[in-house]
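# A look at the structure
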Amino acid sequence: MIISLEGLRKTAKSTFGLSAPPKIVFFNFDLGVDRVEPRYRPPKEDVIILDYGTLSVINKKKQSAFVQKEWSRLLKEYNDALEDPEVQSIVFDTFTAVWELRRLAYLAELNDEAEGKGESPRKALMPQEYFIPNTDMKMIISQAKMHNKHLILIHHLKEVYKEGRPTGEMEADGFKYTGDLADVILQSSKRDGKPVYTVKDCGLTLRAEGLEIEEPTFRKVEELLTKLRNM
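Here's a quick rundown of the structure. (Residues numbered from 1 in each chain as written. Predicted model: local features only at pLDDT ≥ 70, side-chain atom pairs only at ≥ 80, totals over all residues. Heavy atoms only, no water.)

Here the focus is the environment of Leu153. For Leu153, the position within the fold is in strand S5 (residues 150–155). It is 17 Å that separates the C-alpha atoms of Leu153 and Val36, two residues lying 117 residues apart in sequence. Beyond its immediate sequence surroundings of up to four residues, Leu153 is in contact with Ile2, Ile3, Ser4, Leu5, Phe92, Phe95, Ile141 and Thr178. (Helix = DSSP H or I, 4+ residues; strand = E, 2+ residues; numbered from the N terminus. Contact = heavy atoms within 4.5 Å.)

On to the nonpolar core, then. The biggest cluster of nonpolar side chains holds 36 residues, and the ones touching the most others in it are Phe27, Leu74 and Phe92. Elements that contribute at least two residues to this core include exactly strand S2 (24–28), helix H4 (66–83), strand S4 (89–93), helix H5 (95–116), helix H6 (131–146) and S5. By residue number, the principal contributor to this core is H5, which donates 11 residues. Dropping the residues within four chain positions of it, Phe92 is found in contact with Phe27, Leu74, Tyr78, Val98, Ile140, Leu151, Ile152, Leu153 and Ile154. Leu18, Tyr197, Ala208 and Ile213 belong to the second-largest nonpolar core, a separate cluster that totals 25 residues. (Core = buried A, V, L, I, M, F, W, Y, C linked by side-chain atoms within 4.5 Å. Buried < 20%, exposed > 50% of the residue type's maximum accessible area, 1.4 Å probe, protein only.)

Right, let's talk about helix H8 (residues 218–229) for a bit. Here H8 contains 12 residues, and its C-alpha end-to-end distance of 16 Å stays within 8% of the 16 Å for a straight helix at 1.5 Å per residue. Along H8, the residues that are buried comprise Phe218, Val221, Leu225 and Leu228. Angular distribution of buried residues about the axis of H8 spans 110 degrees; they occupy a single face of the element. Exposed and oriented more than 90 degrees from the buried face of H8 are Arg219 and Lys227. Buried positions along H8 lie against strand S1 (2–7), helix H1 (13–17), S5, strand S8 (184–191), strand S9 (194–202) and strand S10 (212–214). (Expected span 1.5 Å × (residues − 1). Arc of directions from axis to C-beta.)

Structure representation (structure tokens):
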């Protein structure tokens, strides 16, 4: 399955990622693994933790070769995970940070070209320049399906603005086409101090949409969807 998981902080999103079928390759941008209680961590032989810079580090170093180097590293390590027959699941915590890394790496690449031409660097991509970053992000998701891997894409939330004003609504932050490519979109929250996930969208079975899963794990989600699909 391709699962997009979005929600507020401290709603067990990283813990959910670690509940995926082993062997797991976990791209750790958000330091979420460091906060997971030991009892929820799989045995060391069942998970590979790959540490990357946090979102704040990525943004701070956006004008350096750091983001290009980190993006190249991510592509290599992701390809290694896809090609490894022992790996069943891949987790990006967060996919929000992956999007920022790709966007800023491409901006740095364009600025290097501009510098070679004697032009001034820019601070942001122009709308027409998002084609390549968008294509690369779509490729990450589609490659997991092609290699028959579970993929969990964890997202921060951001407030939705309309006409420059906050609406009070929240949406997943980062690559905006993730939801279109995911099999399931889960939204995390808390009730009585315990995590509760709501199936926000599900391309595998419409019966699942709107259902809640208390103290969620990958297995609980998989069993629920399998049951509904076989009804």
